[in-house]
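# Remarks on the overall topology
One-letter residues, chain by chain:
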Amino acid sequence: MPKWILPATLALFCWGIWGFIPKITTRYIHPVSAAVFEAVGVGIVGGIILLYWGPRLEIHPKGICLGITTGMLGILGALGFLFAVKMGKVSIIAVFTAMYPAITILLAYAFLKEPITVKESMGFLCAFAAIYFFSSK
């Protein structure tokens, strides 16, 4: 079994649950409040990691800036997701926002020169067709 399967499976389940809970959360509190509490949750996990890993943290200015930028984009994306699920069906919004790897792949192609195969292009087309079918009445 490849080494990446276990952490990828953890990510799959965590993100799957992450995509569901906000629909319930926004029944009780405003999306902005929910985003703040999500950030608190991130801070708790970050604090635990820092306590465990702290002395071995790698320090590099570019890495630190990119890490902080990633966190900011993550919480801004979560805020957009929270507003969306407040207004619409989580089943459709989760599928739509799950297309984010398309942006990642296009950026990797443009900036890292990672090739996009014909098979991957066909996958894009199928995924976008799925978005259309999920969201159309």
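Residues numbered from 1 in each chain as written. Predicted model: local features only at pLDDT ≥ 70, side-chain atom pairs only at ≥ 80, totals over all residues. Heavy atoms only, no water.

### Structural notes on the packing of helix α3 (residues 61-87) against helix α4 (residues 90-97)
As a reminder, the rule being used: Here an axis means a line fitted to C-alpha atoms, over the contact stretch when the element is a helix, while the angle between two N-to-C directions is reported on a 0 to 180 degree scale. The secondary structure listing takes helices from DSSP runs of H or I that are at least 4 residues long and strands from runs of E that are at least 2 residues long, numbered from the N terminus. When an angle is under 35 degrees it counts as roughly parallel; over 145 it counts as roughly antiparallel; between 65 and 115 it counts as roughly perpendicular; any other value is oblique. Here a crossing is called left-handed whenever its near helix is offset anticlockwise from the far helix by less than a right angle, and right-handed whenever the offset is clockwise. The contact criterion used throughout is that any non-hydrogen atoms of two residues lie within 4.5 Å. For this classification, the nonpolar set comprises Ala, Val, Leu, Ile, Met, Phe, Trp, Tyr, Cys and Pro, the charged set comprises Asp, Glu, Lys and Arg, and every other residue, Gly included, is treated as polar.
Direction vectors running N to C along α3 and α4 enclose 150°, while the axes themselves pass 9 Å from each other. Looking at the two axes, α3 sits roughly antiparallel to α4. Judged by the twist between their axes, the crossing of α3 over α4 is right-handed. Where α3 abuts α4, its residues F81, A84 and V85 lie against V90, I93, A94 and T97. Residue composition of the contact of α3 with α4, by class: six nonpolar, one polar and no charged.

### As for the layout of surface pockets
Keep this limit in mind: Of the grid points, spaced at 1 Å and generated over the protein atoms alone, those admitting a 1.4 Å probe that cannot get out make up cavities, while open sets with protein on both sides within 12 Å along at least five of seven lines make up pockets; any residue with an atom within 4 Å of a point is treated as lining. Grid points are joined across faces, edges and corners, and a volume is the space filled by probe spheres set on the points.
Here the largest pocket defines a volume of roughly 1400 Å³. W15, W18, G74, A78 and Y100 are the residues nearest the centre of the largest pocket, which is lined by 32 residues in total. Residue assignment for the lining of the largest pocket shows that the elements contributing at least two residues are α1 (5-28), α2 (31-53), α3, α4, α5 (100-112) and α6 (118-135). Broken down by element, the lining of the largest pocket gets its largest block of residues, eleven residues, from α3. Here the residues of the lining of the largest pocket sort into 21 nonpolar, ten polar and one charged.

### Some details on a nonpolar patch on the surface
Selection rule: Here, patches come from residues exposed beyond 30% relative accessible area and free of salt bridges, joined within 9 Å for like charges and within 5 Å for nonpolar side chains (Val, Leu, Ile, Met, Phe, Trp, Tyr). In these tables, accessible area is a Shrake-Rupley quantity obtained with a 1.4 Å probe, and a residue counts as shielded only by the protein chains included in the view. One side-chain nitrogen of Lys or Arg within 4 Å of one carboxyl oxygen of Asp or Glu is enough to make a salt bridge.
On the surface, I17, F20, I21, I24, Y28, I29, V32, V36, F37, V40, I44 and I48 cluster together into a nonpolar patch covering about 1200 Å² of accessible area. At the level of elements, α1 and α2 are the ones that each hand at least two residues to the nonpolar patch. Looking at the nonpolar patch element by element, the count peaks at six residues for α2.

Geometry only, nothing functional implied.
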